[in-house]
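Listed below are the residues making up each chain.
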Amino acid sequence: MVTTKGNKGFVVFLVVALIISIVLGGLIFNNDNLTIVKNWVGGNIVLFSVVLLILKVAGLVWPPLPGGLFTFASVPILGWQTAFAIDLVGNLIGASVAWYLGGKYGESFMSQVFPQSMIEKIKKIRINKKHEFEGVFLFSLASGVVMIEIANYALGYLKVNFVRFFVANTGSHIIRNAPLFYLFESVVNGGNATANILIVVFALILLLVFRKRYVHFDE
């Protein structure tokens, strides 16, 4: 099982990563250069959207590329709804490809993408088969903030049913990312996001507590 110490470390990492991303994003995009970028995108919206989609898919298949950061960073340019729509479609495609590669080629392929230490952790994951859908949903939800690329490959490697994976992964992506995209736009536009940040942090803590009912790691 995951130790209490490990869970605390994971929670701290999620909280710090969330706050840093929001604060830095607000500082970076709240300047005059954003107007220049917006004007260019306005005349090249299709090209810009396609490039973002490709980067999102590529980032899920090849984790060293932070594809999700590109779609997230495009919120001040496209608006959170459009940026999230591109992010969601990219996730549907990229996650499905990663699930297929993890299930089809297993450890031999994953060793080309992840360090061996990470593969050993993947091999220790156990999902309660009686609650597979809930397990996949919570695992994707909890891991999506910092390691969704690993989760997609892992769930394919563990031979999780594709339909359950696809539906659970899509649902968790919407529930997790839509509020973050909205929150980021609120911060960029000068809104007070303190209450929203506290709600997200509280939700993450509850998620990690209840996740143990469905997913555990062998020692």
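This structure is a prediction, so every number in the text was calculated from the model and none was measured. (Residues numbered from 1 in each chain as written. Predicted model: local features only at pLDDT ≥ 70, side-chain atom pairs only at ≥ 80, totals over all residues. Heavy atoms only, no water.)

This next bit is on unusual backbone geometry. In terms of backbone geometry, most residues other than glycine have negative phi values and most peptide bonds are trans. At Lys159, a residue that is not glycine, the phi angle is positive and equals roughly 60°. Residue placement: Lys159 occurs in the loop between helix 8 (132-157) and helix 9 (162-188). (Helix = DSSP H or I, 4+ residues; strand = E, 2+ residues; numbered from the N terminus.)

Core analysis: the largest hydrophobic core is formed by 21 residues, its most contacted members being Phe114, Val136, Tyr153, Leu155 and Phe165. Going through the elements one at a time, helix 6 (80-110), helix 7 (116-123), strand 1 (125-127), helix 8 and helix 9 are the ones with two or more residues in this core. (Core = buried A, V, L, I, M, F, W, Y, C linked by side-chain atoms within 4.5 Å. Buried < 20%, exposed > 50% of the residue type's maximum accessible area, 1.4 Å probe, protein only.)

With that out of the way, let us pick up the pattern of salt bridges. Within the structure shown, the criterion is met by 3 salt bridges. The shortest N-O distance in the salt bridge between Glu107 and Lys123 comes to 3.5 Å. Here Lys123 lies in helix 7 and Glu107 lies in helix 6, a separation of 16 residues in the sequence. Looking at Lys123, the relative accessible area reads 28%, which means it is partly exposed. The partner of Lys123 in a salt bridge is Glu120, with the nearest N and O atoms 3.6 Å apart. Remark: Glu120 and Lys123 occur in helix 7; sequence separation between them is 3 residues, near one turn of the helix. Bridged by salt links that share partners, the residues Glu107, Glu120 and Lys123 form one connected network. (Salt bridge = Lys/Arg side-chain N within 4 Å of Asp/Glu carboxyl O.)

Further remarks concern the confidence of the model for the protein. Per-residue confidence for the protein gives a mean pLDDT of 75, with 65% of residues at or over 70. Here strand 2 (residues 215-217) stands out as the element of the protein with the lowest mean pLDDT, 50, in contrast to helix 6, whose mean of 92 is the highest. Below pLDDT 50 for its whole length, residues 1-7 participates in 10 contacts with residues either more than four positions away or in separate chains. (pLDDT = per-residue confidence, 0-100. Contact = heavy atoms within 4.5 Å.)

Turning to helix 9, a few remarks are in order. The end-to-end C-alpha separation of helix 9 is 37 Å, in line with the 39 Å expected for 27 residues at 1.5 Å each. The backbone nitrogen of Val163 has a side-chain oxygen 3.0 Å away, supplied by the residue at the start of helix 9, namely Asn161. (Expected span 1.5 Å × (residues − 1). Polar contact = N/O pair within 3.5 Å; in protein donor to acceptor, adjacent residues only side chain to side chain.)

For the rest of this paragraph, the subject is the packing of aromatic side chains. Taken as a whole and assessed by the stated rule, the structure comprises 9 aromatic pairs. Look at Phe72 and Phe181: their rings are 5.3 Å apart centre to centre, the planes differ by 80°, and that puts the pair in the edge-to-face class. In this pair, Phe72 sits in helix 4 (residues 67-73) while Phe181 sits in helix 9, placing the two residues 109 residues apart along the sequence. An angle of 40° between the planes, with centres 6.2 Å apart, marks the rings of Tyr105 and Phe109 as tilted. You can see Tyr105 and its partner Phe109 sitting in helix 6, 4 residues apart, about one turn around the helix. The exposure class assigned to Phe109 is partly exposed, which follows from its relative accessible area of 26%. (Phe/Tyr/Trp six-rings, centres within 6.5 Å; stacked < 30°, edge-to-face > 60°.)

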